[in-house]
Every structure is written in structure tokens, then in C-alpha cells.
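# Structure assessment
What follows is the residue order along each chain.
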Amino acid sequence: MDQTSVHNLLIQLRDTIRDEREHAKSLDIDAMMADVQRKEVLIRALNTVTALHPDDQEIAQEIRMENRKNAYLFRSTLNWIQETMEFFGRKTVPVTYGQNGLSQNNLINGRLLSGRI
């Protein structure tokens, strides 16, 4: 593959990664999934490249940074969702104590989300 086509593929990959992040932020799942597929095609095309031209090193660094930004966004979003689910799964009823000073089990579930209707 010649240097010009590699350069064009790298530019397309960088722009696709940026588009993927913007679509994720706007919750446009269909467009984001199209970006993911486009990114996979570009990566498969670039798999045959063994060495980058020195002029393309800067674009490769940009791609690495954009990919890290996406990874950070997706990881922090996943952590936020997990923390939210843990919050809704916690008991909301405080522990009560009996006359002997021992904690008692309440009959009330006390969970914000119990899974029952």
C-alpha cells in the first residue's frame, strides 16, 4: 500500500474515532454503531501496513490519543452506571435494634429497585 493511501486511511480512522465519541455523547446509538463498523474496516485495511512513513507518525499519535479519550469516556460511563445501579440496589431502611441491643431483621425489603411489581 502506498504512503498516500495509508495517510488517507489514517485520517479517516482519526475522524471516525472522533465521530464515534460525539455520537456516543449525543446517545445516537445507530450512528455510533456505524462508526464502529467503519472503524473495524479501516483497521483491517491498515493491518497490512508494517511501517509508517515519518510524516504519518503524528497522525498515529492523534489516533492513539483520540482512542484513549473514547476509552476514558466509555469506562467512566460504565462506572457511573454501575454506581447508580448499586445505589438503587442498597437498602433504604436503617438497621433497627431489639430490646437486647442486637440488630433485628426487618420484614420490609427496603430496596429502591426490588425487581418486583
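Here goes a summary of the coordinates provided. Keep in mind it's a predicted model, so treat the numbers as computed, not measured. (Residues numbered from 1 in each chain as written. Predicted model: local features only at pLDDT ≥ 70, side-chain atom pairs only at ≥ 80, totals over all residues. Heavy atoms only, no water.)

## Quick notes on the layout of surface pockets
As a volume, the largest pocket reaches approximately 150 Å³. Surrounding the largest pocket, Ala24, Lys25, Leu27, Ile29, Met32, Leu73, Phe74 and Thr77 form its lining. Taken together, the elements giving at least two residues each to the lining of the largest pocket come down to α1 (3-25), α2 (29-46) and α3 (57-89). Classifying every residue of the lining of the largest pocket by side-chain character gives six nonpolar, one polar and one charged. (1 Å grid on protein atoms, 1.4 Å probe; cavity = no way out; pocket = protein on both sides within 12 Å on 5 of 7 lines; lining within 4 Å. Points joined across faces, edges and corners; volume = space filled by probe spheres on them. Helix = DSSP H or I, 4+ residues; strand = E, 2+ residues; numbered from the N terminus. Nonpolar A, V, L, I, M, F, W, Y, C, P; charged D, E, K, R; others polar.)

## With respect to unusual backbone geometry
Even without glycine at this site, leucine 27 takes up a positive phi of about 60°. Mapped onto the secondary structure, leucine 27 falls in the loop between α1 and α2. A residue is classified by how much of its surface remains accessible, and leucine 27, at 66% relative accessible area, is exposed. (Buried < 20%, exposed > 50% of the residue type's maximum accessible area, 1.4 Å probe, protein only.)

## Some words on α2
The periodicity of an α-helix, 3.6 residues per turn, causes residues three or four places apart in sequence to face the same way. Compared with an ideal rise of 1.5 Å per residue, which puts 18 residues at 26 Å, α2 spans 25 Å between its outermost C-alpha atoms and is within 8% of the ideal. Within α2 the residues assigned to the buried category are Ala31, Met32, Asp35, Val36, Lys39, Leu42 and Leu46. Taken down its axis, α2 places every buried residue within 145° of arc, on the same side. The exposed set on the far side of α2, more than 90 degrees from its buried face, consists of Asp30, Gln37 and Arg44. Turning to α2, the residues buried within the fold contact α1 and α3. (Expected span 1.5 Å × (residues − 1). Arc of directions from axis to C-beta. Contact = heavy atoms within 4.5 Å.)

Remember, this is a structural readout, not a statement about activity or role.
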